[in-house]
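Descriptive structure summary
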Amino acid sequence: MKLAKCRHQDLQIDIPLFSDIAEEHNRIVGANTFYKTVQGLYNLALFHQRIGIRIVVHKQTYKRLPQFADFIYHNFPFVAQVAFMQMETTGLAKENFEELWIDPYDYNRELREAVLLLADRGMKPYIYNAQLCVLPDEIRCYAQQSISDWKDIYIPECEGCVLKGQCAGFFESNRQAHSAHIKKIEHISSDISC
């Protein structure tokens, strides 16, 4: 209610969820927060606040992305967007690298299914922090230039890529932790707009 009273026209509250299963979300977070988070989403919606859901994709979350997208569609139809985010390897993610890191190429099937499920149902899916050369053609158009300038880099494999200006690039902290499938694209085979 206090937030709604601010009446800020350009405010969007982005809330992280880690699973559609309460026990999984709580295990990943390390606290019993699933139902509090769900209630918070409903409270924000009750006061007509603009809401986004953020899903950090890693080894412990990628397998259920399609089911998670379906859960969001059925339970949170009021959200303005759903962002699937490639993991930044800093802080706890760096400390738990082996338990969390997965090559983004290896979850393309699940990511594609989840993104298209939401898009086909009229929701706004986005893909953050992803490299266009790794994504399937059908979902490249959902990728956003999302990494802050001060921590965004490109690696030597990106030199000469025609998509470099549109691609998110890499977190500086992910210089050593990136897909083995990075390659320069020399020509665009199809339009990458949605």
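Heads up: these notes are all about the structure in this document. (Residues numbered from 1 in each chain as written. Predicted model: local features only at pLDDT ≥ 70, side-chain atom pairs only at ≥ 80, totals over all residues. Heavy atoms only, no water.)

**Some thoughts on the overall build of the protein chain**
Within the protein chain, the secondary structure is distributed over 7 helices and 7 strands. Element order for the protein chain, N to C, with α for helix and β for strand: α-β-α-α-β-α-β-α-α-α-β-β-β-β. With the C-alpha coordinates of the protein chain rotated into their principal frame, the extents come out at 50 × 35 × 30 Å. Residue burial in the protein chain is summarised as follows: out of 194 residues, 47% are buried. (Helix = DSSP H or I, 4+ residues; strand = E, 2+ residues; numbered from the N terminus. Buried < 20%, exposed > 50% of the residue type's maximum accessible area, 1.4 Å probe, protein only.)

**Structural notes on the layout of surface pockets**
Within this model, the largest pocket holds a volume of roughly 320 Å³. Around the largest pocket, the lining comprises 14 residues; the ones closest to its centre are F18, H58, L92, A93 and L100. Secondary-structure elements contributing two or more residues to the lining of the largest pocket are α2 (22–29), α5 (91–95) and α6 (97–100). (1 Å grid on protein atoms, 1.4 Å probe; cavity = no way out; pocket = protein on both sides within 12 Å on 5 of 7 lines; lining within 4 Å. Points joined across faces, edges and corners; volume = space filled by probe spheres on them.)

**Observations concerning the pairing of strand β4 (residues 125–128)**
Direction of pairing for strand β3 (residues 81–86) relative to β4: parallel, over a ladder of 4 bridges. Along β4, the bridge assignment pairs V82 with P125. Here β4 runs beside strand β5 (residues 143–144); their pairing, made up of 2 bridges, is parallel. Opposite I127, over in β5, you have A143 as the bridge partner. (Pairing = 2+ DSSP bridges.)

**Brief notes about the pattern of salt bridges**
Following the criterion strictly, the structure yields 9 salt bridges and no others. A salt bridge links E24 to R27; the shortest N-O distance between them is 2.8 Å. Note that E24 and R27 are positioned in helix α2 at a spacing of 3 residues, about one turn of the helix. Its relative accessible area of 27% is what places E24 among the partly exposed residues. Here K164 makes a salt bridge to E159, at a shortest N to O gap of 3.2 Å. (Salt bridge = Lys/Arg side-chain N within 4 Å of Asp/Glu carboxyl O.)

**Remarks on the nonpolar core**
Judged by nonpolar contacts, the single largest core of 50 residues is most densely connected at I55, I72, F76, F84, L111 and I127. Counting residues per element, the ones that place at least two in this core are α3 (34–46), β2 (50–57), α4 (65–75), β3 and α7 (108–120). Dropping the residues within four chain positions of it, F76 is found in contact with L17, V38, L41, Y42, I53, F71 and M123. One finds A93, L100, W101 and A177 within the second-largest nonpolar core, a separate group that totals 5 residues. (Core = buried A, V, L, I, M, F, W, Y, C linked by side-chain atoms within 4.5 Å. Contact = heavy atoms within 4.5 Å.)

**Description of the sheet that holds β4**
One key point about sheets: their strands pair by backbone hydrogen bonds, in either a parallel or an antiparallel sense. In space, the 5 strands of this open sheet follow the order β1-β2-β3-β4-β5, with parallel pairing throughout. Looking at which strands have only one partner, the edges of the open sheet turn out to be β1 (12–16) and β5. Each of β2 and β3 is contacted by α4, which is oriented at about 170° to β2, the strand it contacts most. (Axes fitted to C-alpha atoms, helices over the stretch in contact; angles between N-to-C directions.)

**A short note on α2**
For α2, the set of buried residues is A22, H25 and N26. Taken end-on, α2 shows its buried residues confined to a sector of 95°, consistent with a single buried face. The elements touched by buried residues of α2 are β1 and α3. Looking one or two residues past α2, G30 carries a phi angle of roughly 85°, positive in sign. (Arc of directions from axis to C-beta.)

Bear in mind that shape data such as this cannot, by itself, settle questions of function.
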